[in-house]
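Listed here are the chains, written in short residue letters.
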Amino acid sequence: MSEKGQCRKSMFVVKNMEELRRLYDSDTPVLAYAFKRRTVEGWTPEHSHPRGQLVALTQGLLIVETASERWMFPSRRCAWTPPNCKHAARSVGGAAGAMVDLSPEMCRGLPKTPCMFNSSELLFAIVHRMLGWDLRQPLNPAKKHLITTLRDEIRQPDQQPLRLTMPTEERLARVADALLDDVADDRTLDAWAHVAGMARRTFMRAFSAQAGISFGRWRQQARLFAALEMLAQRKSVTEVAIAVGYDSVSAFIEMFRTMLGTTPQTYFRGRQGPGHE
């Protein structure tokens, strides 16, 4: 996590950057542009945007982390980051797709935290249409109607389990960091309580209070996050299952199906959106 403070190159490359920057700083209500991932390692420095940002991913996977939570956004789905939300980010598997930046005025009434849209067909279609707009021209009634539809869709995010709340209490954070470094670590609950320097019941209560879910569920979600990263890099299901600590592929697939409603193979297969190559 310390890498997030280091200076790195921009994660994305877009055309006509100078023109885009000028429009970004203006009162233009909507900016839409395609992007492709530039070679990058680790996390971008923590930052925020004055505009809200909708990302329509057609390739790769995007991870966004705030001070206390981590979100994961897989390809062929849309992700929302609200304005002035301090976050760090990194991509996996060569992220590509399109972005729509909304002015602060356009963000009124929209979600205040990052969120994902699993059923993104309409959002992808709207973003694709917006990519063809001449951003220097005023909005006509048809474009204004499309923006209204976009905002209505953003107001309805999915309740997907791709969010991980990070404990902030020092002893609990030590356990969480150790698990994120090695999600396959199969130490028992008693052993992790010992790492935290707490009695078993105290540890269970404290962790659930900070993370919002039980320690066992949190560890399962951490394994799911790690699995999604590896799957986005096109590693085999068998390789991923072993790497994240499962004794059998069938057990891993069952966990994946329980958490996300489908199999690993199906989850990364589906729609093609704007910017796909």
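So, how was this worked out
- Residues numbered from 1 in each chain as written.
- Predicted model: local features only at pLDDT ≥ 70, side-chain atom pairs only at ≥ 80, totals over all residues.
- Heavy atoms only, no water.
- Helix = DSSP H or I, 4+ residues; strand = E, 2+ residues; numbered from the N terminus.
- Buried < 20%, exposed > 50% of the residue type's maximum accessible area, 1.4 Å probe, protein only.
- Contact = heavy atoms within 4.5 Å.
- Areas by Shrake-Rupley, 256 points an atom, 1.4 Å probe, with all protein chains shown as cover.
- Patch = residues over 30% accessible without salt bridge, like charges linked within 9 Å, V, L, I, M, F, W, Y side chains within 5 Å.
- Salt bridge = Lys/Arg side-chain N within 4 Å of Asp/Glu carboxyl O.
- Lys, Arg positive; Asp, Glu negative; His and termini not counted.
- Charge placed at Lys NZ, Arg CZ, Asp CG, Glu CD.
- Pairing = 2+ DSSP bridges.
- Phe/Tyr/Trp six-rings, centres within 6.5 Å; stacked < 30°, edge-to-face > 60°.
- Lys NZ or Arg CZ within 6 Å of the ring centre and 35° of its normal.

Q: I'd like to hear about the overall build of the protein chain, residue by residue, with values.
A: Scanning the protein chain from N- to C-terminus turns up 10 helices and eight strands. Residue burial in the protein chain is summarised as follows: out of 277 residues, 49% are buried. Long-range contacts, defined as pairs at least 24 residues apart, comprise 74% of the intrachain contacts of the protein chain with a sequence gap of at least 6. A total accessible area of about 13900 Å² is found for the protein chain, and carbon and sulfur atoms account for 48% of it.

Q: Any details on a negative patch on the surface? Residues and values, ideally.
A: A contiguous patch of negative charge, built from D177, D181, D182, D186 and D247, is present on the exposed surface. Tracing the backbone through its elements, the reader meets D186 in the loop between helix 4 (170-181) and helix 5 (189-196).

Q: I'd love a proper account of the pairing of strand 6 (residues 88-102), names of residues and values included.
A: Within strand 6, 14 of the 15 residues are buried, leaving the element largely enclosed by the surrounding structure. As defined by bridge partners, strand 2 (residues 30-37) adjoins strand 6 across seven bridges and the pair is classed as antiparallel. When the bridges of strand 6 are listed, A32 appears paired with V100. Pairing geometry for strand 3 (residues 52-65) and strand 6, over 12 bridges, is antiparallel. Within strand 6, the position partnered with L54 by the bridge is V100.

Q: Give a detailed account of the packing of aromatic side chains, specifying residues and quantitative values.
A: Under the defined criterion, the tally for this structure stands at seven aromatic pairs. Taken together, F203, F207, F215 and W218 form an aromatic cluster joined through their ring pairs. Between the NZ or CZ atom of R77 and the centre of the ring of Y267, over which it lies, the distance is 3.9 Å. Directly above the aromatic system of Y246 lies the positively charged group of R223, at a separation of 5.6 Å from the ring centroid.

Q: Please give an account of the pattern of salt bridges that cites residues and values.
A: Considering all chains together, one arrives at seven salt bridges under this definition. Between D152 and R155 there is a salt bridge, with the nearest N and O atoms lying 2.7 Å from each other. The exposure class of D152 is partly exposed, given its relative accessible area of 35%. The class of R155 is partly exposed, set by a relative accessible area of 37%. The salt bridge partner of E169 is R171, with a shortest N-O separation of 3.0 Å. On the basis of relative accessible area, R171 is assigned to the partly exposed category, the value being 35%.

Shape descriptors only; they carry no functional weight alone.
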